[in-house]
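# Notes for the structure review
Below are the chains, spelled out letter by letter.
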Protein chains: 2
Amino acid sequence: MCEGTVRIQPCSGHAVELEAGDELVVIDPMGQQVSDLTAFNREDLDEYLSSGRSIDYASKLWLTTGDTLYSNRSRPMFTIIEDTCGRHDFTLTPCSKEMFEKLYGEEEGRPGCEGNLARALAPWGINRDRVPVAFNIFMHVAVDAEGKIAVLPPLSRAGDHVRLRAEMPLVVAMTACSAGQSNNFSYKPIDFRVERASDRAKA
Amino acid sequence: MCEGTVRIQPCSGHAVELEAGDELVVIDPMGQQVSDLTAFNREDLDEYLSSGRSIDYASKLWLTTGDTLYSNRSRPMFTIIEDTCGRHDFTLTPCSKEMFEKLYGEEEGRPGCEGNLARALAPWGINRDRVPVAFNIFMHVAVDAEGKIAVLPPLSRAGDHVRLRAEMPLVVAMTACSAGQSNNFSYKPIDFRVERASDRAKA
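In the annotation of an unreviewed UniProt entry, chain A is listed under the name DUF1989 domain-containing protein and assigned to Pseudoxanthomonas suwonensis.

Below, the structure written as structure tokens:
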């Protein structure tokens, strides 16, 4: 792993603060793993990453290099400046305890990405109710002509990554996904790295 | 119009309280108009209608008769018990002042469905930041094989309607849509009617 890379252990989450101009690199270190990502304006936590705004402004479901991720207030939160995978989802809510019960018949009460995002965001006072539809990095959701959706194994290979430039001060939370169907039942870790604008300015 | 039918004037919104078992009939009286609908648990307003949960549990983008609309807490909020149109959207956020500026080049500052939903929900203390991806009744969004989306004229004809049964006590807000592209630049009204479970019990 590069210097400064942080490993998100399987089935867990992590949050980090970014300044405008910082770059967040989200890496699938082993391939076929998903990272659900959400974000909030650090200076006003009622402003959050909005799937519906981002999809509308891009006029497409699947965002990639050059696309902007917008907030509910229609302001840019991130720009995708690199994407070596090219396929992510922005329609589904993070997996949750209730989702595991309904779709997988589980009764163990695992928190899922929703619970793990909420746990990571708790220091900022953000609870589970406020975890929206996430930007599900590397998640492969196919839609057929009748609108049926299928969750397929991710197209990501070991080392694939997405580089996001923060466009405002943010709190961002990410997971290593807990949903078997989303990660081809492999439950691997996710790595991330923050490249600070302030370090580039010094260099 | 049937007795008890309320007209939502063009480019405006309306909110109403429902008890579990009440039925809400949303009608397109003239055809090719869209109604953005959102809802909150009346007893705990942090629980709201979730596109991502509903799409995930239905395994399809386009919901119709027999499908359930879920909350962010994975609990049923509505069941669609009649749908004479068959095509609605659940991926896009309501049109807004900023969306009109970005996509249509407008500068008049019209509130859009987002502003009209927030205005209708203000008596319950719900503001614009809390208007999520709506269930956009009669909105016709097509997705091609590459994920490109197109907003097409609604398939609804005069008199088409959707009948939703409330599955919990709700505050629900609806609009007559303000976005030209969504309603084929016709800006018509929307009608709705509430059939109370308590009235059926008396009959």
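Having seen it, we continue.
### Here's the deal with the overall build of chain A
Scanning chain A from terminus to terminus reveals four helices and twelve strands. Rg of the C-alpha trace for chain A: 16 Å, near the compact-globule value of 17 Å for 203 residues, within the 12% margin. Its C-alpha atoms give chain A principal-axis dimensions of about 50 × 35 × 35 Å. Burial analysis of chain A (203 residues in total) assigns 60% to the buried set. In chain A, of all internal contacts separated by at least 6 residues, the share reaching a separation of at least 24 is 76%. Accessible area for chain A stands at about 7,600 Å²; split by element, carbon and sulfur atoms hold 49% of it. Taken as two groups, the 22 positive and 30 negative side-chain charges of chain A have centres that lie 1 Å from each other.

### As for the nonpolar core
In terms of nonpolar packing, the biggest core is built from 94 residues, with Leu37 and Phe78 of chain A together with Leu37 and Phe78 of chain B touching the most fellow members. Here Phe78 of chain B is in contact with Leu18, Leu37, Ala39, Asp67, Thr68, Leu69, Leu164, Arg165, Ala166, Glu167, Leu170 and Val172 of chain B, once residues within four sequence places are set aside.

### Topic: the packing of helix 1 (residues 51–58) of chain A against helix 2 (residues 97–104) of chain B
Where helix 1 of chain A meets helix 2 of chain B, the closest approach of the two axes is 10 Å, and the angle between their N-to-C directions is 20 degrees. Here helix 2 of chain B runs roughly parallel to helix 1 of chain A, going by the angle between their axes. The two elements helix 1 of chain A and helix 2 of chain B meet at a crossing, and its hand is right-handed. Touching Arg53, Asp56 and Tyr57 of chain A of helix 1 of chain A are Glu98, Met99, Lys102 and Leu103 of chain B, all from helix 2 of chain B.

### Some thoughts on the relation of the copies chain B and chain A
Superposition of chain B onto chain A requires a rotation of 180 degrees combined with a translation of 0.0 Å along the rotation axis, giving an RMSD of 0.0 Å. Here the two chains are linked by the operation of a two-fold rotation axis. By C-alpha distance to the rotation axis, the residue of chain B lying nearest is Thr91 of chain B, at 3.4 Å.

### Some words on the UniProt feature "domain: DUF1989" (unreviewed entry) in chain A
Cross-referencing UniProt, the feature "domain: DUF1989" (unreviewed entry) maps to residues 7–171 of chain A in the present numbering. A helix fraction of 16% and a strand fraction of 32% characterise residues 7–171 of chain A, whose end C-alpha atoms lie 18 Å from each other.

### Description of the packing of aromatic side chains
Inspection of every chain in the model, using the stated rule, returns six aromatic pairs over all chains. Plain terms: the ring middles of Tyr57 of chain A and Tyr70 of chain A are 4.7 Å apart, the flat faces sit at 65 degrees to each other, and that makes the pair edge-to-face. With a gap of 13 residues between them, Tyr57 of chain A in helix 1 and Tyr70 of chain A in strand 5 (residues 68–70) connect regions that are remote in the sequence. On the basis of relative accessible area, Tyr70 of chain A is assigned to the buried category, the value being 14%. One Lys or Arg, Lys102 of chain B, reaches over the ring of Tyr57 of chain A and ends 5.6 Å from the middle of that ring.

### Quick word on the sheet that holds strand 6 (residues 76–83) of chain B
Residue and element names in this part refer to chain B. The antiparallel open sheet is built from six strands, whose spatial order is 1-12-3-10-6-5. Two strands in the sheet have a free side with no partner beyond their single neighbour: strand 1 (6–8) and strand 5 (68–70). Neighbour-to-neighbour, the strand axes of the sheet open up by a mean angle of 25 degrees, direction not taken into account. With five bridges joining them, strand 3 (residues 23–28) and strand 12 (residues 190–195) adopt antiparallel strand pairing.

### Details of the side chain of Lys188 of chain B
Mapped onto the secondary structure, Lys188 of chain B falls in the loop between strand 11 (170–176) and strand 12. This buried residue, Lys188 of chain B, is left without a salt bridge; Asp28 of chain B holds the nearest opposite charge, at 6.2 Å.

### Looking at the interface of chain B and chain A
Chain B puts 37 residues into the contact, and the matching count from chain A is 37 residues. Summed over both sides, the interface of chain B with chain A buries roughly 3,100 Å², with 53% coming from carbon and sulfur. Counting the surface chain B buries against chain A, the share from its top three residues, Arg53, Asp56 and Asp129 of chain B, is 19%. Inspection of the region where chain B meets chain A yields four salt bridges. Notably, a salt bridge pairs Asp129 of chain A with Arg73 of chain B, separated by 2.7 Å at the nearest N-O pair. Seen at the junction of chain B and chain A, the total is 20 residue pairs in polar contact (both at pLDDT 80 or more). At the level of secondary structure, the elements contributing two or more residues to the side of chain B that touches chain A comprise helix 1 (51–58) and helix 2 of chain B. Here the side of chain B that touches chain A takes six residues from helix 1 of chain B, the largest share from any one element.

### Topic: the sheet that holds strand 3 (residues 23–28) of chain A
Residues and elements named next belong to chain A. One open sheet holds the six strands; their spatial order is 1-12-3-10-6-5, and the pairing between them is antiparallel. Edge positions in the sheet fall to strand 1 (6–8) and strand 5, since each has one partner strand and no second. Between one strand and the next, the sheet's axes are offset by a mean angle of 25 degrees, whatever the strand orientation. One ladder, built from three bridges, connects strand 1 with strand 12 (residues 190–195); its direction is antiparallel. Residue Ile8 lies in a different strand from strand 12, and its bridge partner there is Ile190.

### Notes on the layout of surface pockets
The computed volume of the largest pocket comes to approximately 510 Å³. Lining the largest pocket are 31 residues, and of these Tyr48 and Arg130 of chain A together with Tyr48, Asp129 and Arg130 of chain B lie nearest its centre. Looking at the lining of the largest pocket, the elements that each hand over two or more residues are helix 1 of chain A together with helix 1 of chain B.

How each quantity is defined
Residues numbered from 1 in each chain as written. Chains lettered and ligands numbered in written order. Predicted model: local features only at pLDDT ≥ 70, side-chain atom pairs only at ≥ 80, totals over all residues. Heavy atoms only, no water. Helix = DSSP H or I, 4+ residues; strand = E, 2+ residues; numbered from the N terminus. Rg over C-alpha atoms; globule rule 2.2 N^0.38 Å. Buried < 20%, exposed > 50% of the residue type's maximum accessible area, 1.4 Å probe, protein only. Contact = heavy atoms within 4.5 Å. Areas by Shrake-Rupley, 256 points an atom, 1.4 Å probe, with all protein chains shown as cover. Lys, Arg positive; Asp, Glu negative; His and termini not counted. Charge placed at Lys NZ, Arg CZ, Asp CG, Glu CD. Core = buried A, V, L, I, M, F, W, Y, C linked by side-chain atoms within 4.5 Å. Axes fitted to C-alpha atoms, helices over the stretch in contact; angles between N-to-C directions. Parallel < 35°, antiparallel > 145°, perpendicular 65-115°, else oblique. Left-handed = near helix turned anticlockwise from the far one by under 90°. Least-squares fit on C-alpha atoms with pLDDT ≥ 70 in both. UniProt positions renumbered as here; feature names shortened; annotations may be inferred. Phe/Tyr/Trp six-rings, centres within 6.5 Å; stacked < 30°, edge-to-face > 60°. Lys NZ or Arg CZ within 6 Å of the ring centre and 35° of its normal. Pairing = 2+ DSSP bridges. Salt bridge = Lys/Arg side-chain N within 4 Å of Asp/Glu carboxyl O. Buried area = accessible area lost by both parts, 1.4 Å probe. Polar contact = N/O pair within 3.5 Å; in protein donor to acceptor, adjacent residues only side chain to side chain. 1 Å grid on protein atoms, 1.4 Å probe; cavity = no way out; pocket = protein on both sides within 12 Å on 5 of 7 lines; lining within 4 Å. Points joined across faces, edges and corners; volume = space filled by probe spheres on them.

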